[in-house]
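Architecture at a glance
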Amino acid sequence: MDDKAKNLDSQPSNQPNSRTAPGRNLVTSTGRNVSRGAAIRAQKQAVNDANRVASQYLDAANKHPLASGDRPRRANVIDDNPRLKIIGLGGMDGGGSKNMLVIEYQNDAIVIDCGNDLGVDLPGINYGIADTTYLDQIKNKLRGFVITHGHLDHMGGLPHILPKYNVPVYGGRFTIGRVEEIFQNFGLPMPKGFELKTVIMNETTHERLKIGVFFVELVRVTHAIPGSTMVVVDTPVGRIINTGDFRLDPNPLDHERTDTARIEELSRENVLLLMSESTTTETLGRTLSESQIEKSFIDIMDQAPGRIFVAIFSTNVNRIQMIVNAAVHHGRKVAIDGRSMISTLEMAVKNGFMKIPKGTFVPIASVSNLKDDQVVVVSTGAQGEPNSALQRMSTGDHKYVALKEQDTVILSSRAIPYTGNDALIRSMVDELFKKGVHVFRHETYELDGGGPLHVSGHGGQEEYRDMIKMVKPKFFLPIYGDYTAKKYHIDIALEEGIPRVNTLNVDNGQVITLAKDKMQLGGEVPHGTILVDQTGAVVSTVVVKDRVLLAEEGVVAVVLTIDKKTGQLLTSPDIISRGFIYMKENEELMNAFRAELRRAVSQRFKRVDLDRFKAELKDYVTHFLYEQTQRSPIVIPVVNVIGGRAEKANNNLHGAGQVAPSGETPKTPEEIALEQQRRFAQMRQRLLNQDARVD
């Protein structure tokens, strides 16, 4: 700042809240002094807080800056090291989501599972998928994707990831049906030249297929969705097994028990490594058998005075079959609601996984025409998801169904761990009770006077223990869980005699190298999370950080219109606030703010270039707002300079004796300035009319 400006700063001001020009400390009429540095530090802290929230889901380029292009890539180079590499690109943290494991040996690689993460809680984000920077580096090694089962956390990332590599997808019949289903329902077009190639494997006959250098077999396990399998991979180093998600239910509804006989047979042929899912390793004992909840539904239907609504996971086909059977037994029709549920059931019926008596299903639109004791509605919304079928019914926003007193709602689920759905479910239950609806929940089944309504698709500690006993592996690697869950799983393995040196608890991106006699860590590869919005489009992490900051602090735009010749404001400063303060309730602050903006323009505009003035103005506004409110919104300065190049150009025309284009008489500088002011006034009016939150 020059000496003249310093002298101006020292002069008293007639404006309220006397302050200094940009770059100086601020002193209010209350005597409170806040330094410019303190305000800037507060703004940086707000930015850091936003970064910390968004950094939970950084992509590989932000986690590993060199991964975006500066690091020398060694893609497609034959690795002569005779060790097997196992790399979790997802599923090794945060409750086991976006599950994705790479199995790599020299010049061949397969991927087991390719899921998404539905637990991402960021503005405008629907889910996350694994960053595939490392797969790009070994693209020519990839021979296929093998999917353990049809839940989205194990296969929901395929529409985003598979088209980049265009290799086959392997899985059981139901799983491949689910893969085809999500590709059919995906909202975005596939890249030109991509063709979905699927290979159905028979887990019952123990079919083995050669995929690159590997031999792969699927083995049936019981889970919360039909067709669930473990993946057995025979590699040049030895046999490894990925359990997928499982429980050891002795009496599942579809009678498809875990194939323990085949597991024990495989163990007799020696298993080098067991990779076992770890979702519920903190649950003592064993998971209840699915068959034990069938009576609960029958009892409720025996006693329900009116319509019955059952909210359930759309992929839990076996339980839906059980509900359909009970409805038919009680002479009730069944209506299905929820797009994902309808799509999955259509696929299940088509592939023979459900048996529906003719005339059982009715359209959801016809429910209001049926007697109350003649209908059961099976819908999505067991997790209280916004815009799900049951959630819309609970708030009265459903197109065809209005809940009423004496209706019965059954929530056949529990909140998914790590998602924060508990609050959503509780809010929905509140709305249901307000309508006089009878609500039955698994968590409160004893209070509700009924039986259990849900069993987990995952085992308890004793089932995890049994899997280790059956397989008898040399090495043990817990997967698909956070660090704590995997720690408890390792404890079980140690109790079953596996040496601690033969176990590892790893994070996403860490490379495990496996030889016949040794398992160890071998570095790290690029990894992270790619964020996806409701349309299926990828959202930049930078955009998400801005959204978090906006959500926390808001934004303030300052629009100044300045006469270039005089350096004075042509109009009163325009201030636009979003998510910061309600300006009409803070008139004194706004008056002081405008006074300070006028002072800043008069003192600095003609002394520095435009870019520097904008930068100083941004710091000054940040300082002022923090000093007044202790908050640091995003500040956007907009400076419109009226009268400039156009005026100078016309003066040149006059001086040269030329005429304006098209033969028109050149305009005088005064006419040009008036026209510019008129255009800006129109633009300003359009801007200020957009929202009532503009003062």
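Residues numbered from 1 in each chain as written. Predicted model: local features only at pLDDT ≥ 70, side-chain atom pairs only at ≥ 80, totals over all residues. Heavy atoms only, no water.

Describing the overall build of the protein chain
Operational definition: A run of H or I in DSSP becomes a helix once it reaches four residues, and a run of E becomes a strand once it reaches two; helices and strands are each numbered from the N terminus. For each residue, the accessible area found with a 1.4 Å probe, counting protein chains only, is set against the maximum for its type, and the residue is called buried under 20%, exposed over 50%, and partly exposed in between. Here a residue-residue contact requires only that any non-hydrogen atoms of the pair lie within 4.5 Å. In these tables, accessible area is a Shrake-Rupley quantity obtained with a 1.4 Å probe, and a residue counts as shielded only by the protein chains included in the view.
When its secondary structure is counted, the protein chain shows 21 helices and 29 strands. Taken over 695 residues, the protein chain has a buried fraction of 53%. When contacts within the protein chain are restricted to residue pairs at least 6 apart in sequence, long-range pairs at least 24 apart make up 73% of them. Counting every atom, the protein chain has about 31400 Å² of accessible surface; 48% of that belongs to carbon and sulfur.

Let's talk about the nonpolar core
For soluble globular proteins, nonpolar side chains are generally found buried alongside one another. For clarity, the cut-off: By nonpolar core we mean a set of buried residues, namely Ala, Val, Leu, Ile, Met, Phe, Trp, Tyr and Cys, connected to one another through side-chain atoms within 4.5 Å.
Within the largest apolar cluster, 33 residues are counted, with the highest numbers of intra-cluster contacts made by Leu-89, Met-100, Leu-135, Phe-145, Leu-158, Leu-162 and Val-169. Among the elements that take part in this core, helix H7 (residues 173-185) stands out by supplying 4 residues, more than any other. Residue contacts for Val-169: discarding those within four places in its chain leaves Phe-145, Ile-147, Leu-158, Leu-162, Ile-176, Val-179, Lys-197, Thr-198 and Val-199. One finds Tyr-170, Met-201, Val-237 and Leu-514 within the second-largest nonpolar core, a separate group that totals 31 residues.

A look at helix H13 (residues 422-434)
This is how the line gets drawn: By this rule, a helix spans an expected 1.5 Å times one less than how many residues it contains.
The terminal C-alpha atoms of H13, which comprises 13 residues, lie 19 Å apart, in line with the 18 Å expected from a rise of 1.5 Å per residue. Close packing links the buried residues of H13 with helix H12 (389-394), strand S20 (408-411) and strand S21 (438-441). Just downstream of H13, Gly-436 is the residue with a positive phi angle, here 75°.

A short note on the pairing of strand S23 (residues 510-515)
So the rule is basically this: Should DSSP find at least two bridges between two strands, the strands are regarded as paired.
Of all 6 residues making up S23, 6 are buried, and the element is well covered by its neighbours. Every second residue of S23 is oriented toward a common face, with Gln-510, Ile-512 and Leu-514 on one face and Val-511, Thr-513 and Ala-515 on the other, all of them buried. As judged from the 4 bridges shared by strand S3 (residues 84-90) and S23, these two strands associate in the antiparallel manner. Bridge pairing in S23 places Leu-84 opposite Leu-514.

Overview of the confidence of the model for the protein chain
We apply this condition: Each residue carries a pLDDT value, the predictor's own confidence for that position, ranging from 0 to 100.
Summing up the model confidence of the protein chain, the mean pLDDT is 84 and the portion of residues at 70 or higher is 81%. Every residue in residues 645-663 scores below 50 in pLDDT, and together they form 17 contacts with partners more than four places removed in sequence or on other chains. Segment residues 690-695: pLDDT under 50, and 14 contacts once partners within four positions in sequence are set aside and those in other chains are kept.

A word on the sheet that holds strand S19 (residues 375-379)
Stated precisely, the cut-off is as follows: Throughout, an axis means a line fitted to C-alpha atoms (over the contacting stretch in the case of helices), and angles, computed between N-to-C directions, take values from 0 to 180 degrees.
Taken together, the 6 strands give an open sheet; going across it, the order is S18-S17-S19-S16-S20-S21, and neighbouring strands pair in parallel fashion. Two strands close off the open sheet at either side, each with one partner strand: strand S18 (361-362) and S21. Inspection of the sheet shows strand S16 (residues 308-311) paired to S20 by 4 bridges, in the parallel sense. Bridging across to S20, Phe-309 finds its partner in Val-409. Docked against the sheet, helix H9 (residues 294-303) engages S16, S19, S20 and S21, running at close to 170° with respect to S20. The strands touched by helix H11 (residues 339-350) within the sheet are strand S17 (333-337) and S19, with S17 carrying the most contacts at an inclination of about 120°.

Some remarks on the packing of helix H15 (residues 461-471) against helix H16 (residues 483-495)
Put simply, the test is: Relative orientations are named as follows: roughly parallel for angles under 35 degrees, roughly antiparallel for angles over 145 degrees, roughly perpendicular for angles from 65 to 115 degrees, and oblique for any other angle. When the near helix sits turned anticlockwise from the far one by under a right angle, the crossing is termed left-handed; a clockwise turn instead gives a right-handed crossing. Residues are grouped as follows: nonpolar covers Ala, Val, Leu, Ile, Met, Phe, Trp, Tyr, Cys and Pro; charged covers Asp, Glu, Lys and Arg; every other residue, Gly included, is treated as polar.
Look at H15 against H16: their axes get within 10 Å of each other, and the N-to-C directions meet at 50°. As judged from the angle between their axes, H15 and H16 are oblique. Our pair here, H15 against H16, has a crossing hand that is right-handed. Along the contact surface, H15 presents Gln-461, Tyr-464, Arg-465 and Ile-468, while H16 presents His-489, Ile-492, Ala-493 and Glu-495. Grouping the amino acids of the contact of H15 with H16 by side-chain chemistry returns 4 nonpolar, 2 polar and 2 charged.

Examining the sheet that holds strand S7 (residues 127-130)
Pairing in this open sheet of 4 strands is antiparallel, and the strands run S6-S7-S25-S26 from one edge to the other. Edge positions in the sheet fall to strand S6 (116-117) and strand S26 (538-539), since each has one partner strand and no second. Pairing geometry for strand S25 (residues 529-532) and S26, over 2 bridges, is antiparallel. Looking at the pairing, Val-532 lines up with Val-538 of S26.

Description of the packing of aromatic side chains
Selection rule: When two rings of Phe, Tyr or Trp (its six-membered ring) have centres within 6.5 Å they constitute a pair, described as stacked for plane angles under 30 degrees, edge-to-face for angles over 60, and tilted for the intermediate range. A ring has a charge above it when a Lys NZ or an Arg CZ is no more than 6 Å from the ring centre and no more than 35 degrees off the ring normal.
Taken as a whole and assessed by the stated rule, the structure comprises 5 aromatic pairs. A ring pair is formed by Phe-246 and Tyr-464, whose centres lie 5.6 Å apart and whose planes are at 80°; its orientation type is edge-to-face. Taken together, the positions of Phe-246 in the loop between strand S14 (239-242) and helix H8 (260-268) and Tyr-464 in helix H15 put the pair 218 residues apart, joining distant regions of the chain. As far as burial versus exposure is concerned, Phe-246 and Tyr-464 are alike and both buried. One cation-aromatic arrangement involves Lys-210 over Phe-215; the distance from NZ or CZ to the ring centre is 5.9 Å.

Observations regarding unusual backbone geometry
Not every positive phi belongs to a glycine, and Asn-270 is a case in point at roughly 80°. Even without being glycine, Tyr-480 reaches a positive phi, approximately 55°. Within the secondary structure layout, Tyr-480 lies in the loop between strand S22 (475-479) and H16. The exposure class assigned to Tyr-480 is buried, which follows from its relative accessible area of 1%.

Observations concerning the side chain of Thr-408
Position of Thr-408 among the secondary structure elements: in strand S20. Among all residues touching Thr-408, those that are not within four sequence positions of it are Ile-300, Ala-304, Pro-305, Arg-307, Ile-308, Phe-309, Val-437, His-438 and Phe-440.

Focus on the environment of Tyr-165
Convention followed: Identification of polar contacts relies on pairs of N or O atoms within 3.5 Å, with a donor-acceptor requirement for protein atoms, meaning one able to donate a hydrogen and the other able to accept it, and with residues adjacent in sequence counted only if both atoms are side-chain atoms.
With respect to the secondary-structure elements, Tyr-165 resides in the loop between helix H6 (158-161) and strand S9 (169-171). According to the relative accessible area criterion, Tyr-165 is buried, its value standing at 7%. Distance from Tyr-165 to Asn-140, taken between C-alpha atoms, is 8.6 Å for residues 25 residues apart in sequence. Residues contacting Tyr-165, with those up to four places away along its chain left out, are Thr-132, Leu-135, Asp-136, Lys-139, Leu-142 and Phe-145. Among the polar contacts listed, one links the side chain of Tyr-165 to the side chain of Thr-132, at a separation of 3.3 Å.

A word on H11
Under the 1.5 Å per step criterion, the end-to-end length of H11 is 17 Å for 12 residues, consistent within 8% with the ideal 16 Å. Listing the buried residues of H11 in full gives Met-341, Ser-343, Thr-344, Leu-345, Met-347 and Ala-348. In this fold, the buried residues of H11 make contact with H7, helix H10 (317-329), S17 and S19. Gly-352, located one to two residues past H11, shows a positive phi value of around 80°.

Considering the pairing of strand S5 (residues 108-112)
S5 sits mainly inside the fold: 5 of its 5 residues count as buried. Along S5, one buried face is formed by Asp-108, Ile-110 and Ile-112 and the opposite face, lined by Ala-109 and Val-111, is buried too. Inspection of the sheet shows strand S4 (residues 100-105) paired to S5 by 5 bridges, in the antiparallel sense. Residue pairing in the sheet places Glu-104 in a bridge with Ala-109 of S5. The turn joining S4 and S5, which pair antiparallel and follow one another in sequence, is formed by 2 residues; a positive phi near 50° is taken by Gln-106. Pairing between S5 and strand S8 (residues 142-146): 4 bridges, direction parallel. Counted as the bridge partner of Val-111 is Phe-145 from S8.

Some remarks on the side chain of Lys-486
Note the cut-off: Here the positive residues are Lys and Arg and the negative ones are Asp and Glu; neither His nor the chain ends is included. Salt bridge, as used here, is a side-chain nitrogen of Lys or Arg placed within 4 Å of a carboxyl oxygen of Asp or Glu.
Looking at the secondary structure, you find Lys-486 in helix H16. Although Lys-486 is buried, it forms no salt bridge, and the closest oppositely charged side chain is Asp-507 at an N-O distance of 4.8 Å. For Lys-486, the side chain forms a polar contact with the side chain of Asn-505, separated by 3.4 Å. Residue contacts for Lys-486: discarding those within four places in its chain leaves Met-92, Ser-278, Pro-478, Ile-479, Gly-481, Asn-505 and Val-506.

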